Amino acid sequence: GGQKPPAPLGFPVWSQKYAKCRIAHESLLPLLELHSLASQVSLLEAMSARVARVSLASVDSDGYSKYVDHALTGEELGAAARGLAFGLASAPRDPADFVAHRHLLWLAGSSIDAGSDMGTDTSEGDKLASSLPSLAHAMWRSWHGS
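The shown structure was predicted, so the numbers you read here are calculated from the model rather than taken from an experiment.

Enquirer: How do you make sense of the overall build of the chain when you look at a structure like this?
Expert: The number of helices and strands found in the chain is five helices and zero strands. Ordered by position in the sequence, the α and β elements of the chain form the string α-α-α-α-α. Counting every position in the chain, which comprises 146 residues, the buried fraction comes to 30%. Look at the contacts in the chain between residues 6 or more apart in sequence, and 62% of them connect residues 24 or more apart.

Enquirer: Could you clarify how one ought to interpret the pattern of salt bridges in this entry?
Expert: A side chain of one charge can pair with a side chain of the opposite charge when the charged atoms of the two come close. Enumeration over the complete set of coordinates arrives at two salt bridges. Among the salt bridges present, the one from Arg 50 reaches Glu 76, with a minimum N-O distance of 2.9 Å. Of this pair, Arg 50 sits in helix α2 (residues 41-57) while Glu 76 sits in helix α3 (residues 74-89); the two residues are 26 residues apart in sequence, bridging distant segments of the chain. Accessibility expressed as a relative area gives 7% for Arg 50, which makes it buried. Residue Asp 97 pairs with Arg 93 through a salt bridge whose shortest N-O separation is 3.3 Å. Accessibility assignment for this pair places Asp 97 and Arg 93 in one class, buried.

Enquirer: Just checking my understanding: could you explain the environment of Val 41 for this structure?
Expert: Looking at where Val 41 falls in the secondary structure, it is placed in helix α2. Accessibility expressed as a relative area gives 39% for Val 41, which makes it partly exposed. For the pair Val 41 and Trp 143, spaced 102 residues apart in sequence, the C-alpha separation works out to 8.9 Å.

Enquirer: Before we go on, may I ask you to explain α2 in this structure?
Expert: Helical periodicity: at 3.6 residues per turn, an α-helix aligns residues three or four positions apart in one direction. When the terminal C-alpha atoms of α2 are compared, their 24 Å separation across 17 residues agrees well with the 24 Å that a helix rising 1.5 Å per residue should span. Residues Leu 43, Leu 44, Met 47, Arg 50 and Val 54 constitute the buried set of α2. All buried residues of α2 project into a common sector of 130° when viewed along the axis, lining one side. Set apart from the buried face of α2 by more than 90 degrees, the exposed residues are Glu 45 and Leu 56.

Enquirer: Which parts of the structure should I look at to understand the confidence of the model for the chain?
Expert: The predicted coordinates of low-pLDDT regions are not to be read in fine detail. Put simply, the chain has an average pLDDT of 79, and 75% of its residues get 70 or more. Residue range residues 116-121 is modelled with pLDDT below 50. Its contacts to residues more than four positions away, or to other chains, number 13 contacts.

Enquirer: Can you walk me through the side chain of Ser 36 in this structure?
Expert: With respect to the helices and strands, the residue Ser 36 is situated in helix α1 (residues 19-38). Setting aside chain neighbours within four positions, we find Ser 36 in contact with Phe 86, Ala 91, Arg 93 and Phe 98.

Enquirer: Can you help me understand the nonpolar core in this one?
Expert: Nonpolar side chains in soluble globular proteins tend to end up buried together. Counting residues in hydrophobic clusters, the biggest one holds 16 residues, and the most contacted among them are Leu 43, Met 47, Leu 72, Leu 104, Leu 128 and Met 139. Elements represented by at least two residues in this core include exactly α2, α3, α4 (99-113) and α5 (122-145). Here the element with the most residues in this core is α5; it accounts for five residues. When neighbours within four sequence positions are excluded, Met 139 is seen to be in contact with Leu 43, Leu 44, Met 47, Ala 100, His 101 and Leu 104.

Reading guide: rules and limits
Residues numbered from 1 in each chain as written. Predicted model: local features only at pLDDT ≥ 70, side-chain atom pairs only at ≥ 80, totals over all residues. Heavy atoms only, no water. Helix = DSSP H or I, 4+ residues; strand = E, 2+ residues; numbered from the N terminus. Buried < 20%, exposed > 50% of the residue type's maximum accessible area, 1.4 Å probe, protein only. Contact = heavy atoms within 4.5 Å. Salt bridge = Lys/Arg side-chain N within 4 Å of Asp/Glu carboxyl O. Expected span 1.5 Å × (residues − 1). Arc of directions from axis to C-beta. pLDDT = per-residue confidence, 0-100. Core = buried A, V, L, I, M, F, W, Y, C linked by side-chain atoms within 4.5 Å.

Below, the structure is given as structure tokens:
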């Protein structure tokens, strides 16, 4: 089975009818947003480095395209999954900020399901490789927008 998403932080909606609970909850929101933004830096760095490596390595010295390993590492997938789970469960950020995370995980999952990480089917892996620059850009835009 998959990991359970983190428990939502803050006070439940029903308790916010009480002024002290509402004030306490609102005082947590900046910290939750800060954690959401700070925890994404390593993922953004990894995605940017991967995009640069793939684009530099995808053409050989004669100018011809060549196959590049595009499979994401477990650490990269874990960072995207943690960011998505925390962002949806606890961060006060708009859930739309995490669409690129979700698409990245979907494409990586379909790439693994299709066996492209073992070299048996590159079509799903090619979808991931071709989508990676736009997904990384979308992650950066939502991060800077927050």
